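Here are the chains, one letter per residue:
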Amino acid sequence: DTNDLMASSRNWLFDVFPSFSGEDVRQTFLSHLLKELDRKLISAFKDSEIKKSQSIGPELEQAIRDSRIAVVIFSKNYASSSWCLDELLEIKKCKDIFGQLVIPIFYRLDPTHVRKQTGEFGEVFDKTCHNKTEEKKNQWKQALTDVANIHGYHSRNWYHFIYSII
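A complete count under the given rule lists eleven salt bridges for this structure. One salt bridge in this structure joins Lys46 and Asp38, with 3.4 Å as the shortest N-O distance. Here Glu90 makes a salt bridge to Arg65, at a shortest N to O gap of 2.8 Å. Within this pair, whereas Glu90 is found in helix 4 (residues 82-98), its partner Arg65 is found in helix 3 (residues 56-65), the two being separated by 25 residues in sequence. Classification of Glu90 by relative accessible area gives buried; the value is 7%. Here the salt bridges share partners, and the residues they tie into one network are Glu61, Arg65, Glu90 and Lys93.

If you want it as structure tokens, here you go:
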């Protein structure tokens with residue numbers, strides 16, 4: 001498969017790009033995950049290392065493209081951020097073009113709510129979509145559905161994810 005060939009022949013800057021809602025997981029789940037990745041010598045992009053003077057958009061976009069694996073940590077407020085949803089679009093594009101491996105993790109969340117944009121997740125998503133174009137809303141919906149359909153991990157079993165990438 002061409003994507004596999006492209007993925008294996010690329011020079012990746014990072015092993016993992018985590019996409020997440022900071023308010024839900026930065027101090028809890030994400031900090032444990034990053035510590036464990038460091039311990040296993042798996043390089044992860046850390047948004048805290050972005051130089052403050054630079055625009056966050058293009059640098060994040062580049063970091064996604066430079067990562068072998070995108071880990072999407074879906075949580076209640078993930079869809080409250082158009083930044084997160086735009087990251088997800090870029091991740092989906094890199095999966096399609098470069099064969100980037102995408103691993104969803106569902107943090108205290110039912111995967112069905114992400115897949116179908118229902119429950120609390122759906123309510124948050126609808127608020128974010130308010131005043132957005134129908135095209136943008138549909139792109140986000142498709143990306144959420146596609147990525148949530150990938151076999152992923154529940155946050156209770158996140159350590160299985162670590163062992164699957166080493």
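From this point on, the discussion continues.
Our next topic: the confidence of the model for the protein. When pLDDT is averaged along the protein, the result is 86; 83% of the residues meet or exceed 70. Every residue in residues 1-7 scores below 50 in pLDDT, and together they form ten contacts with partners more than four places removed in sequence or on other chains.

Another aspect to go through is the environment of Val25. The residue Val25 is located in helix 2 (residues 22-39) in this model. Spatially, the C-alpha atom of Val25 lies 9.9 Å from that of Lys76, the residues being 51 residues apart in sequence. Excluding its chain neighbours within four sequence positions, the residues that come into contact with Val25 are Phe20, Leu30, Ser31, Ile73, Ser75 and Tyr107.

Conventions adopted
Residues numbered from 1 in each chain as written. Predicted model: local features only at pLDDT ≥ 70, side-chain atom pairs only at ≥ 80, totals over all residues. Heavy atoms only, no water. Salt bridge = Lys/Arg side-chain N within 4 Å of Asp/Glu carboxyl O. Helix = DSSP H or I, 4+ residues; strand = E, 2+ residues; numbered from the N terminus. Buried < 20%, exposed > 50% of the residue type's maximum accessible area, 1.4 Å probe, protein only. pLDDT = per-residue confidence, 0-100. Contact = heavy atoms within 4.5 Å.

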